[in-house]
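Chain residues, written in single-letter form:
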Amino acid sequence: MILAIETSCDDTCAAVVTDAGEIRSNVIASQGLLHARYGGVVPEIASRHHLELIDAVIGDALERAGTSLEGVDTVAVTRGPGLIGALLVGLSSAKALAAVRRLPLAPVDHLHGHVVASTLGPHPIDPPYLALVASGGHTFLARVTEPGAYAVLGQTLDDAAGEAFDKGARLLGLGYPGGPAIDRLARAGDPTAFDFPRSAPGELDFSFSGLKTALLYTLRDRPDSDRADLAASYQRAIVDALTSRTAIALEREGLERLAIGGGVAANSELRSAVTELGVGVWVPPLELCTDNAAMIAGAARFMDPLPYPEYLDLDAAARL
Ligand code: KG4
Ligand code: ZN
């Protein structure tokens, strides 16, 4: 039984997962509304709330799993990348819980968690597969040959796809987080009304900052443009960029399975577009797409944890 803790951004998360990948509990305390008034995540506020919530969230995860610390064999925790103050709250808690029972501790790369989220639950994906991870902080394609590791094939050179949604939504006056708002508004619009750029900085890399600028200029030059048409065309440009690189990567790597993850995997147009790629697609349930601790336990299953007391001087890492 693995107890996992994830506090890399603004969600305080704990989960209990078995070695076979069965999720016994997956608790997510979202701070989203606390940050919405600032239009984005405020790191210092996130750290303080993690401190207030972490004990209750861990207790809740153990209770919902019908167990206690006595039933835990390994503690897993996100070591990075993320907000350093936020990461430290989770890492310190994990060290303390592991140390009192001399348990081993697995320090997990947050992105490895997103990459293997689809290996959890009753219908797990089997390697080899391609992972498309698109969230507010990261956007990349990775090849997974063995679930204990992943090879990044391409990534964003500037904004993440979720960031593009959030910045576009702000320009359109839709509030934060912007992804769900654009997704909703786009349903009433024409995705071909505006021809937004699909920049291709490298065969498998992404770039979204030019797209945001194109929206800004369109709003400045044609202020009476239909908002739903703008949202639909903007969303189409992001989804096209994601799926075109995904198609190239599948072809180049000779892969027949695709897993998508990260908050942008909640996007309705992306979810339907990836089913047209001609490969098997694994789309995890929403609570496994956005930040969660079950995926951190999921990655820990494929690692050798550090024995007590080797992890006591381990540091969090804002970048890995
Ligand atoms: O994975 P996540 O919860 O947190 C990060 O690690 O960043 O991703 C959050 C991102 C936000 O940028 C949000 O706007 C985006 O995911 N998002 C969406 C949708 N739901 C959330 N983007 C597009 N369409 C959605 N339906
Ligand atoms: Zn994430």
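Residues numbered from 1 in each chain as written. Chains lettered and ligands numbered in written order. Predicted model: local features only at pLDDT ≥ 70, side-chain atom pairs only at ≥ 80, totals over all residues. Heavy atoms only, no water.

Engineer: Which residues make up the pairing of strand β3 (residues 23-30), and what values go with them?
Structural biologist: Alignment of strand β2 (residues 11-17) against β3, held across seven bridges, turns out to be antiparallel. Following the sheet pairing, A14 is matched in β3 by V27. Linking β2 to β3, which pair antiparallel, is a turn of five residues; within it G21 sits at a positive phi near 95 degrees. (Pairing = 2+ DSSP bridges. Helix = DSSP H or I, 4+ residues; strand = E, 2+ residues; numbered from the N terminus.)

Engineer: Tell me what's going on with a nonpolar patch on the surface, and back it up with residues and numbers.
Structural biologist: On the surface, a nonpolar cluster with roughly 250 Å² of combined accessible area is contributed by L171, L216 and Y217. Position of L171 relative to the elements: it lies in helix α5 (residues 161-171). A relative accessible area of 30% places L171 in the partly exposed class. (Patch = residues over 30% accessible without salt bridge, like charges linked within 9 Å, V, L, I, M, F, W, Y side chains within 5 Å. Areas by Shrake-Rupley, 256 points an atom, 1.4 Å probe, with all protein chains shown as cover. Salt bridge = Lys/Arg side-chain N within 4 Å of Asp/Glu carboxyl O. Buried < 20%, exposed > 50% of the residue type's maximum accessible area, 1.4 Å probe, protein only.)

Engineer: Describe the pattern of salt bridges, listing the residues and the values that go with them.
Structural biologist: On inspection of all chains with the given rule, the structure shows 13 salt bridges. Residue R64 pairs with D60 through a salt bridge whose shortest N-O separation is 3.2 Å. Taken as a pair, R64 and D60 lie in helix α2 (residues 43-64) at a separation of four residues, close to a single helical turn. The closest approach of N and O atoms between R236 and E269, which form a salt bridge, is 2.4 Å. Remark: E269 occurs in helix α9 (residues 268-273) and R236 occurs in helix α8 (residues 227-253); sequence separation between them is 33 residues. Residues participating in the shared-partner salt-bridge network are R143, E203, R252 and E253.

Engineer: Give a description of the domain arrangement of the protein chain that names residues and reports values.
Structural biologist: Entries for the protein chain in the domain assignment read domain 1 (2-116 + 291-300) and domain 2 (124-283). Using only C-alpha atoms to locate each centre, domain 1 and domain 2 end up separated by 27 Å. Listed by partner, the interface residues are 11 residues for domain 1 and 14 residues for domain 2. When domain 1 packs against domain 2, the two sides together hide about 1000 Å² of surface, and 65% of this comes from carbon and sulfur. If you sort the residues of domain 1 by the area they bury against domain 2, L111, H114 and V115 come out on top, with a joint share of 49%. At the junction of domain 1 and domain 2, the tally comes to three residue pairs in polar contact (both at pLDDT 80 or more). Among the elements that take part in the side of domain 1 that touches domain 2, helix α4 (residues 110-116) stands out by supplying five residues, more than any other. (Domains from an automatic or database assignment. Contact = heavy atoms within 4.5 Å. Buried area = accessible area lost by both parts, 1.4 Å probe. Polar contact = N/O pair within 3.5 Å; in protein donor to acceptor, adjacent residues only side chain to side chain.)

Engineer: Describe the sheet that holds strand β9 (residues 257-261), naming the residues involved and giving the relevant values.
Structural biologist: With mixed pairing, the five strands of this open sheet are ordered in space as β8-β7-β6-β9-β10. Both outer strands of the open sheet, β8 (151-155) and β10 (280-282), are each paired with one neighbouring strand and no more. Neighbour-to-neighbour, the strand axes of this sheet turn through a mean angle of 25 degrees, independent of strand direction. As paired elements, strand β7 (residues 139-144) and β8 share four bridges and run antiparallel to each other. Bridged to F140 within β8 is Q155. Against the sheet, α8 makes contact with β6 (129-134), β7, β8 and β9, and its axis sits at roughly 160 degrees relative to β6, the strand it touches most. (Axes fitted to C-alpha atoms, helices over the stretch in contact; angles between N-to-C directions.)

Engineer: Break down the packing of α5 against α8 for me, with residues and values.
Structural biologist: One way to put it is that α5 packs onto α8 with a least axis distance of 11 Å and a crossing angle of 175 degrees. Classified by the angle their axes make, α5 and α8 are roughly antiparallel. Of α8, the residues touching α5 (which contributes A161, A164, F165 and G168) are Y234, Q235, I238 and L242. Considered class by class, the residues forming the contact of α5 with α8 number six nonpolar, two polar and no charged. (Parallel < 35°, antiparallel > 145°, perpendicular 65-115°, else oblique. Nonpolar A, V, L, I, M, F, W, Y, C, P; charged D, E, K, R; others polar.)

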